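Residues per chain are reported as follows:
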Amino acid sequence: MGMKDKAGKIQGQAKQKTHEGQQTAQQRGQQTQQRGQQGGAQHAPQHSPQRGQQTQERGRQMTERGRQNLDDAEQEMQERFDQDYDA
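Conventions used here
- Residues numbered from 1 in each chain as written.
- Predicted model: local features only at pLDDT ≥ 70, side-chain atom pairs only at ≥ 80, totals over all residues.
- Heavy atoms only, no water.
- Helix = DSSP H or I, 4+ residues; strand = E, 2+ residues; numbered from the N terminus.
- Buried < 20%, exposed > 50% of the residue type's maximum accessible area, 1.4 Å probe, protein only.
- Areas by Shrake-Rupley, 256 points an atom, 1.4 Å probe, with all protein chains shown as cover.
- Phe/Tyr/Trp six-rings, centres within 6.5 Å; stacked < 30°, edge-to-face > 60°.
- Salt bridge = Lys/Arg side-chain N within 4 Å of Asp/Glu carboxyl O.

**Q** Tell me about the overall build of the chain, residues and numbers included.
**A** Of regular secondary structure, the chain possesses one helix and zero strands. The buried share of the chain, reckoned over its 87 residues, is 0%. Per element, the accessible surface of the chain, about 8,500 Å² overall, is 48% carbon and sulfur.

**Q** Tell me about the packing of aromatic side chains, and please be specific about residues and values.
**A** The geometry of an aromatic ring pair comes down to the distance between the two centres and the angle between the two planes. Per the counting criterion, the structure on display carries one aromatic pair. With a centroid separation of 4.6 Å and 50° between ring planes, the pair formed by Phe-81 and Tyr-85 is classed as tilted. One end of the pair, Phe-81, and the other, Tyr-85, are both in helix α1 (residues 3-86), four residues apart, so they sit about a helical turn from each other. Overall, Phe-81 belongs to the partly exposed group, its relative accessible area being 46%.

**Q** Which residues make up the pattern of salt bridges, and what are the values?
**A** Tallying each qualifying case throughout the model produces three salt bridges. For the salt bridge of Arg-60 with Glu-57, the shortest nitrogen-to-oxygen distance reads 3.4 Å. You can see Arg-60 and its partner Glu-57 sitting in helix α1, three residues apart, about one turn around the helix. Note that Arg-80 and Glu-76 form a salt bridge whose closest N and O atoms lie 2.7 Å from each other. With Arg-80 and Glu-76 both in helix α1 and four residues apart, this pair spans about one turn of that helix. For Glu-76, a relative accessible area of 40% translates into the label partly exposed.

Put into structure tokens, the structure is as follows:
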């Protein structure tokens, strides 16, 4: 077998494996899409508004906590400053 024949054979095998991989990926994508259509469509409309409201509320709570932490840190720094310079 010549070098060209061997290279051509290897190239053909690589193309075949690539094609098989593409087919497998396509099948998996179709299966995933089918599962999403079966399961997701039943639950999404019921929970979406509640989840959005919960997320907004959590965001507000986190913002408030952040402000409180900043206020506490500023107060603590002021107290330390006062203690250092009162001594």
